[in-house]
Amino acid sequence: GAVVSQHPSRVICKSGTSVKIECRSLDFQATTMFWYRQFPKQSLMLMATSNEGSKATYEQGVEKDKFLINHASLTLSTLTVTSAHPEDSSFYICSAMTGANYGYTFGSGTRLTVV
Amino acid sequence: QQQVKQSPQSLIVQKGGISIINCAYENTAFDYFPWYQQFPGKGPALLIAIRPDVSEKKEGRFTISFNKSAKQFSLHIMDSQPGDSATYFCAATTDSGGYQKVTFGTGTKLQVIP
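In this report, we go over the structure that sits alongside the text. These numbers were taken from a predicted model, which means no experiment stands behind them.

**Describing the environment of Phe39 of chain A**
All names here are of chain A.
Moving on, step 1. Residue position: Phe39 is located in the loop between strand E4 (32–38) and strand E5 (44–51).
Moving on, step 2. Note: C-alpha distance between Phe39 and Tyr92 (53 residues apart in sequence) is 8.9 Å.
Moving on, step 3. Once residues lying within four places of it in the same chain are set aside, the contact partners of Phe39 are Ser89 and Ser90.

**Focus: the interface of chain B and chain A**
Moving on, step 1. Of the residues lining the interface, 18 residues belong to chain B; the matching set on chain A comes to 19 residues.
Moving on, step 2. Carbon and sulfur atoms supply 58% of the area buried between chain B and chain A, which totals about 1,700 Å² over both sides.
Moving on, step 3. Looking only at chain B, the three residues that lose the most surface to chain A are Tyr99, Gln100 and Phe104 of chain B, adding up to 31% of its buried area.
Moving on, step 4. Across the contact surface, chain B and chain A share one salt bridge.
Moving on, step 5. Of the charged contacts in the structure, one is a salt bridge between Lys101 of chain B and Glu59 of chain A, with a shortest N-O distance of 2.9 Å.
Moving on, step 6. Counting every contact that joins chain B to chain A gives four residue pairs in polar contact (both at pLDDT 80 or more).
Moving on, step 7. Every element with two or more residues in the side of chain B that touches chain A is listed here: strand E4 (33–38), strand E9 (86–95) and strand E10 (100–104) of chain B.
Moving on, step 8. With four residues, the top contributor of residues to the side of chain B that touches chain A is E10 of chain B.
Moving on, step 9. Class assignment of the residues belonging to the side of chain B that touches chain A gives a composition of seven nonpolar, seven polar and four charged.

**Things to note about the side chain of Asp88 of chain A**
Moving on, step 1. Within the secondary structure layout, Asp88 of chain A lies in the loop between strand E8 (76–81) and strand E9 (90–97).
Moving on, step 2. Setting aside its immediate chain neighbours within four residues, Asp88 of chain A contacts Arg37, Lys66, Phe67, Val81, Ser83, Leu112 and Val114 of chain A.

**Regarding the packing of aromatic side chains**
All names here are of chain A.
Moving on, step 1. With the rule as written, the count across this model stands at 17 aromatic pairs over all chains.
Moving on, step 2. Ring geometry for Phe34 and Tyr104: centres 5.3 Å apart, planes at 65°, overall edge-to-face. Taken together, the residues span a long stretch of sequence, with Phe34 in strand E4 and Tyr104 in strand E10 (residues 104–106) at a distance of 70 residues. Just as Phe34 is buried, Tyr104 falls in that class too.
Moving on, step 3. Relative to Phe106, the ring of Tyr36 lies with its centre 5.7 Å away and its plane at 45°, an arrangement referred to as tilted. Of this pair, Tyr36 sits in strand E4 while Phe106 sits in strand E10, and the two are 70 residues apart along the sequence. Across the pair, Phe106 and Tyr36 agree in class, each one buried.

**So, the environment of Glu59 of chain B**
Residue and element names in this part refer to chain B.
Moving on, step 1. Following the sequence through the fold, Glu59 ends up in strand E6 (residues 56–59).
Moving on, step 2. In this structure Glu59 comes out as partly exposed when scored by relative accessible area, which is 37%.
Moving on, step 3. Once residues within four sequence positions are removed from consideration, Glu59 is found in contact with Leu47 and Ile48.

**As for the pairing of E4 of chain B**
When a strand is regular, its side chains alternate between the sheet's two faces.
Residue and element names in this part refer to chain B.
Moving on, step 1. By the criterion of burial, E4 is predominantly enclosed, with six of the six residues buried.
Moving on, step 2. Residues Phe33, Trp35 and Gln37 point to one face of E4 and Pro34, Tyr36 and Gln38 to the other, with burial holding for every one of them.
Moving on, step 3. Two strands pair when backbone bridges link them, and E4 and strand E5 (residues 45–50) are joined in this way by five bridges, in the antiparallel orientation. Residue Phe33 lies in a different strand from E5, and its bridge partner there is Ile50.
Moving on, step 4. In this antiparallel pair of consecutive strands, E4 and E5, the connection spans six residues, and Gly41 shows a positive phi of 75°.
Moving on, step 5. As paired elements, E4 and E9 share four bridges and run antiparallel to each other.

Rules of the game
Residues numbered from 1 in each chain as written. Chains lettered and ligands numbered in written order. Predicted model: local features only at pLDDT ≥ 70, side-chain atom pairs only at ≥ 80, totals over all residues. Heavy atoms only, no water. Helix = DSSP H or I, 4+ residues; strand = E, 2+ residues; numbered from the N terminus. Contact = heavy atoms within 4.5 Å. Buried area = accessible area lost by both parts, 1.4 Å probe. Salt bridge = Lys/Arg side-chain N within 4 Å of Asp/Glu carboxyl O. Polar contact = N/O pair within 3.5 Å; in protein donor to acceptor, adjacent residues only side chain to side chain. Nonpolar A, V, L, I, M, F, W, Y, C, P; charged D, E, K, R; others polar. Phe/Tyr/Trp six-rings, centres within 6.5 Å; stacked < 30°, edge-to-face > 60°. Buried < 20%, exposed > 50% of the residue type's maximum accessible area, 1.4 Å probe, protein only. Pairing = 2+ DSSP bridges.

Below you can see the structure in the form of structure tokens.
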């Protein structure tokens, strides 16, 4: 089946630094990818929709200058958390549409801890 | 505004029992209703899904019941097993400019005890 590979699975960074998270579709082309944020014991909140070759569409309240999204190819989307702060610590998950029947495949997530 | 309401927040079921999770929605533009299973530290995985023109869908031990007029749908897990212990999210999707935008419920943490 379709696989979405997300890397790294865990990252710890110092406050003020930037962190890049990669999301790759391994055996299919993903024109559109989605980035979610999940706080402990809470639901997934859509942050932005990433479209190959164009600017990402951000949800209301998400700072586009802080969460930089790049979708340079049909198999790779990246999320960069810039100038990270402890409040950015969270579980970040990407997903991609994998079929005509609205199937979505999720990555395994990235646990970001900012210290 | 929570567009998809899910209950209960947590659920404990004995092995072999039936687990039932309920969801309700408001937006009549939703046209696809998937359920996702998430284990700790992992991304969600599609479990089963239904379209609003169908009242029930069954796949193995998992069944979705859908009531379009009431705008409610539910997941039934028959013969629940300890391996089913996970967090379950209902979701609803709607067309958003060429792709389906997914709105998730708040999640139900299921624990199946031996």
